[in-house]
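Observations on the model geometry
For reference, the chains in residue letters:
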Amino acid sequence: MSNMTGSEPLAAQARQLVQAGEWQQAADVLRQLIGEVTGVAAGQLTINRDQYSLNSLNGTVTLDDGRALFFKYHNEEGEDKTIEEYYNAELLRESGFRVDVPVYACGEPGRQILMYTLRHDRRMADICRDIEQQQAWDQEAEIEEAQRRADRDILTHTLPTLKPGLVSAVAAEPVHQLFYHRLISPENPEITAGLGGRVARFYVGKTFRLEDEELEWQTLSNLRWVINGVTYQHSLRQLFTEAGIRLAPAALAGHGVITAHGDAHNANVWYDTSEEIPQLVSFDPAFAGRNIPALLAEVKATFHNIFAHPLWLYEPSRCGELYKVTVMRRGDTLYVDHNWQLTPLRAAFLRDKGEEYWQPLLAQLARRGWLPPHWQRIFRLAMFCCPTLVLDLRAGGFSGHTQTSSALGLAMAMMLGSEPVEDTDEFSDWLAGISPAEQPL
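Within an unreviewed UniProt entry, the label attached to the protein reads Aminoglycoside phosphotransferase domain-containing protein, and the organism entered is Rahnella perminowiae.

This is the structure:
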């Protein structure tokens, strides 16, 4: 049982109760909070237990006046962005983006919660998962086309907002909570940027179990990686420390900024069938803004919609059912072999995201002289941060990863973050394909 005194704010109480596995008590607390915020008593309430809600709580509630609502709030200490989401939804809608806007919003500390009119649409992430689980490839074309339309639509509303960035405005954007702020420890400035924050909490000084290998951070972080026969240039330590430099807000401010959602992966997207042609409608714009570095805006969606699947990031316990992973250390090199590959659906998403969004955006940045020669390093490092900073990838760590999913996840992160020494791989080929023909010197 929880040892809470009841003095904590209601949202904090609910978070602690969920973490303790006391779901019914958490639901009772949330009913009280929702009743106070809406002024209407809350009846039936269900907290969702889905694999995609990595850093937030959400669920459904029926009010005594008959209205059914979807509620959510961020449940990490120091990441209470919920009320900003209300205003961010409005700014996205003003720019023409398809986005759900909450009907209730409470921003009081410890009581931050949003409530939306309950939709009976499904999330795009769930539809994609079902297609892959059931191998229902006959449904792929319709879903792929909806995603392609969405990528095209996002670009249409993004490009008119492209402008030069001011360091102060860029630094104030909440999107950095997903990247740079997770790499630093402001309370311990002596910690090198890139090795603080979640990196320090998840990895530094820890033990890693990667299939049959057990390695300490000090050793693993300095090893070179050979993945499926391809040798990569960087070590884990080098990628984290470089990310701490290149993803700093001031370092990104000179490369153009845009209005964007910032976290529009498909677990934050409804598959809206209310129109004749299905449309994708985003929600949860907690990290949206008007001054988001253009090279960051769709990175989370690019990683989470494509490279996090099938299942290994969100359902690590099932990783052993799907994949064969072997790990062997020889001297200063770690050899990892695996049989993971993009499914036809994810391969289509990658192609379309490149053609419909990234390629024209990069071309526009290049034409304006805002695309730096090292843009691929920025892009790769942001992609690298997506799996390594959203969850602890260590087996036996905070997030339930196994020795198989940990090895595969870290190998995936290395493949995204580091260039091959001589050979090539699928991601490198894709990056080459979206690169503008001419770049500024």
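**A closer look at the sheet that holds strand S12 (residues 269–272)**
Whether parallel or antiparallel, the strands of a sheet pair through hydrogen bonds between backbone atoms. The three strands lie next to each other as S6-S12-S13, forming an open sheet whose pairing is antiparallel. Where the open sheet ends on each side, the last strands, each with one partner, are strand S6 (122–123) and strand S13 (279–282). Bridge analysis of S6 against S12 gives two bridges, and the strand direction is antiparallel. Paired with Arg-123 across the strands is Trp-270, a residue of S12. Relative to S13, helix H5 (residues 140–158) is tilted by about 55 degrees, and along the sheet it contacts S12 and S13.

**Structural notes on the layout of surface pockets**
What the second largest pocket holds in volume is close to 220 Å³. Lining the second largest pocket are 13 residues, and of these Asn-228, His-338, Trp-340, Met-415 and Asp-425 sit closest to its centre. Elements represented by at least two residues in the lining of the second largest pocket include exactly helix H15 (403–417) and helix H16 (426–434). In terms of residue class, the lining of the second largest pocket is built from eight nonpolar, three polar and two charged.

**Brief notes about the sheet that holds strand S9 (residues 224–227)**
Strand order in the open sheet formed by four strands is S10-S9-S16-S15, with mixed pairing between adjacent strands. Each end of this open sheet is capped by a strand with a single partner; those strands are strand S10 (230–231) and strand S15 (325–330). Where S15 meets strand S16 (residues 333–338), six bridges bridge the pair, whose relative direction is antiparallel. Paired with Val-327 across the bridge in S16 is Val-336. Sitting on the sheet, H15 is in contact with S9, S15 and S16, with an inclination near 100 degrees to S9.

**Details of the pairing of S16**
Summarising the sheet, S9 and S16 pair through four bridges and their orientation is parallel. From the neighbouring strand, Arg-224 faces S16, where its bridge partner is Thr-333.

**A look at the side chain of Asp-392**
You can see Asp-392 is positioned in the loop between helix H14 (375–390) and H15. A polar contact of 3.1 Å, which involves the side chain of Asp-392, links it to the backbone nitrogen of Phe-398. Sequence-distant contacts of Asp-392, that is, excluding residues within four places in its chain, are made with Phe-202, Tyr-203, Gly-397, Phe-398, Ser-399 and His-401.

Thresholds applied
- Residues numbered from 1 in each chain as written.
- Predicted model: local features only at pLDDT ≥ 70, side-chain atom pairs only at ≥ 80, totals over all residues.
- Heavy atoms only, no water.
- Pairing = 2+ DSSP bridges.
- Helix = DSSP H or I, 4+ residues; strand = E, 2+ residues; numbered from the N terminus.
- Contact = heavy atoms within 4.5 Å.
- Axes fitted to C-alpha atoms, helices over the stretch in contact; angles between N-to-C directions.
- 1 Å grid on protein atoms, 1.4 Å probe; cavity = no way out; pocket = protein on both sides within 12 Å on 5 of 7 lines; lining within 4 Å.
- Points joined across faces, edges and corners; volume = space filled by probe spheres on them.
- Nonpolar A, V, L, I, M, F, W, Y, C, P; charged D, E, K, R; others polar.
- Polar contact = N/O pair within 3.5 Å; in protein donor to acceptor, adjacent residues only side chain to side chain.

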